[in-house]
Amino acid sequence: MFSYDEMTPPERELWDAFPEGRPVDFRTGVPGDDGVAEGGQWGSGRTVRAAVIVALMQGANPAQPGDMAGLRLAGARISGCLDLSDAQLGQALRIEECWFEDPPNLHGASTRTIRITDSRLPGLDAGLVRVEGHLDLSRSLVAGCLNLLNASVTGELLLNGTRVCVSEGWAVIADGLGMGGGIFCMHGFTARGGIRLRGANLPGGLFLQGALLERPVPLGRPGPGGVALALDDVAASTLNLSGGFTANGTVRLRGARVSDSLTFEGAVLNGPPDGGGPALAGMLMQAVDFDFTLARQPSGTVDLRGAQVSYLHDNSHSWPDVVELDGFVYGSIKVDEAGERREAVGQQDSVSRRVAWIRRSPGYSPQLYEQLAGWYRKAGHDDDARRILLARQRHRRRTLPPAARVWGHLLDMTVGYGYRPWLAGVWLLALTLLGTLSFGTHTPTPVKRDEGTPFQPLVYTLDLLIPIGGLGQRTAWYWSTGSLQWLAYLLVAFGWVLTTAVIAGVTRTLQKS
């Protein structure tokens, strides 16, 4: 317990003001004198021992009946460690533009609203803290780890304009954080060292518009790297990483569950510059609305294996050269072009863009083609769906042995794997025209003179091309000219190939239908 006589004048002023909740402000009003960055140089006239604040918060000078106690301090240098660990605090704590000598310790404390704004802290340990209200660190510089491991905040966590910087490790550790309100990290928020929120429960959402996150790398490696934002297994209503959000490192959303919107609109995902990891790792994540309209193309890969979203928004900057899409499930796709979103369905080149998107995924996955074709078919664009299924067959052909690839090329050229049966008609018409014109230049020799029907070049050509049945021409005439006889043989062969291709293609189409 402190003796009043032992206190310095600033401490006595704070002691006397606390029972009534009156603010105590040591700022001079001179900008050069009030800069928090130079708070370590403030003299005894602006210095308060942390132990005095601890004594007040633990009831050393209680309020009189009718008054509401509270600590409101501005412009002070706080010496020593503000240790409120495991304390039961019934008063609000508001500290503004103060310089802390040591990292405050709120580990395991139960408290009301805490505001430490526009201040400089060498770190903050708030693990297991229980805050019945808001935790506000807006515009403060935290030159050390911000620990919120398994903390609980019934209100909002306010980090707008806050800068958290560490030389190694994580800047913000908040695994298991339970929130009642939202987390707001906007207006210039910076985390050098990255943020880790694994398994956090965020019903009020996480808002990182315009934030800058980067993860330092070990010595000897250039630039930022590693994981800049780890949201593994997070349950949130909204994840807003838009409006110029920049991540110099991987954004990891493995197993995250977003009940409403997950947006990267206008974001920049640089990823690890050494290529050692993806720009976005969203394996097994779930979201209703997934807006991936980035400001520019990610410099690393995007991994969405096993992810599930109801609505996917993208643009020309969304996808890098490699996109892991195996098992990615979506309900609808929208595209943003020239800053204006519109449905991609029905656009002439949308199918080509979507097929190219699928081709960025390593390996062959029929599910991706089937899903995309099904989406176009539901929208009433059956022709586009058939184009996608044809692209699937062409992709599959690359994985087959040589003989099967040859047969695949033949099916593709003749009937488009059954998705373009009209090609067979084109071939038949072209071959019929070729045979009719060629055979019409000469008269063949009859098998039996003065018997059978007269020679008809058109009917003779059709008799050669149609392998089933007969029109009585090919068995009644033969050629003495070698070139025309070879043409007849070729037309017979083409007839069998066309018939086989048509049957195979139609059978495949009927089976898929």
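Parameters at a glance
- Residues numbered from 1 in each chain as written.
- Predicted model: local features only at pLDDT ≥ 70, side-chain atom pairs only at ≥ 80, totals over all residues.
- Heavy atoms only, no water.
- Helix = DSSP H or I, 4+ residues; strand = E, 2+ residues; numbered from the N terminus.
- Buried < 20%, exposed > 50% of the residue type's maximum accessible area, 1.4 Å probe, protein only.
- Polar contact = N/O pair within 3.5 Å; in protein donor to acceptor, adjacent residues only side chain to side chain.
- Contact = heavy atoms within 4.5 Å.
- Pairing = 2+ DSSP bridges.
- Core = buried A, V, L, I, M, F, W, Y, C linked by side-chain atoms within 4.5 Å.
- Phe/Tyr/Trp six-rings, centres within 6.5 Å; stacked < 30°, edge-to-face > 60°.
- Lys NZ or Arg CZ within 6 Å of the ring centre and 35° of its normal.

### Comments concerning the side chain of Asp-34
Tracing the backbone through its elements, the reader meets Asp-34 in helix H2 (residues 31-34). The exposure class assigned to Asp-34 is buried, which follows from its relative accessible area of 12%. In terms of polar contacts, Asp-34 uses its side chain to reach the side chain of Arg-46, at 3.1 Å. Residues within four places of Asp-34 in sequence aside, it is in contact with Arg-27, Thr-28, Gly-29, Trp-42, Arg-46 and Glu-97.

### Remarks on helix H1 (residues 9-17)
Residues of H1 that are buried include every one of Pro-10, Glu-11, Leu-14, Trp-15 and Ala-17, and no others. Where H1 is buried, its residues meet strand E1 (23-25), strand E2 (47-49), helix H3 (50-57) and strand E3 (71-74).

### A word on unusual backbone geometry
Non-glycine residue Asp-86 carries a positive phi angle of around 60 degrees. Inspection of the secondary structure assignment puts Asp-86 in the loop between strand E4 (77-79) and strand E5 (93-96).

### Some thoughts on the pairing of strand E31 (residues 286-292)
The pairing of strand E28 (residues 257-263) with E31 spans five bridges and is parallel. Paired with Thr-263 across the bridge in E31 is Asp-291. Across six bridges, the pairing between E31 and strand E33 (residues 308-315) is parallel. Bridging across to E33, Asp-291 finds its partner in His-313.

### Topic: the nonpolar core
Formed by 114 residues in total, the largest nonpolar core has its most connected members in Phe-245 and Phe-264. The leading source of residues in this core is H3, at seven residues. If we skip the residues at most four places from it in the chain, Phe-245 touches Leu-208, Gly-210, Ala-211, Leu-213, Leu-229, Val-251, Gly-266, Ala-267, Val-268 and Leu-269. Listed in part, the 14 residues of the second largest apolar core include Leu-431, Phe-439, Leu-465 and Ala-476.

### Comments concerning the packing of aromatic side chains
Going through the model one piece at a time under the given rule, you end up with 11 aromatic pairs. Between Phe-264 and Phe-290, the ring centres sit 6.3 Å apart and the planes meet at 85 degrees, which makes this aromatic pair edge-to-face. On the criterion of sequence distance, the pair formed by Phe-264 in the loop between E28 and strand E29 (268-269) and Phe-290 in strand E31 is long-range, its members being 26 residues apart. For the pair Phe-264 and Phe-290, a shared accessibility class is recorded, and that class is buried. Following the ring pairs from residue to residue traces out a cluster consisting of Phe-264, Phe-290, Phe-292, Trp-319, Phe-328, Tyr-330 and Trp-357. Sitting over the face of the ring of Trp-42, Arg-46 holds its NZ or CZ atom 3.9 Å from the ring centroid. The aromatic ring of Trp-357 is capped on one face by Arg-354, whose charged end is 5.4 Å from the ring centroid.

So, to be careful, I would describe these as geometric facts and stop short of saying anything about function.
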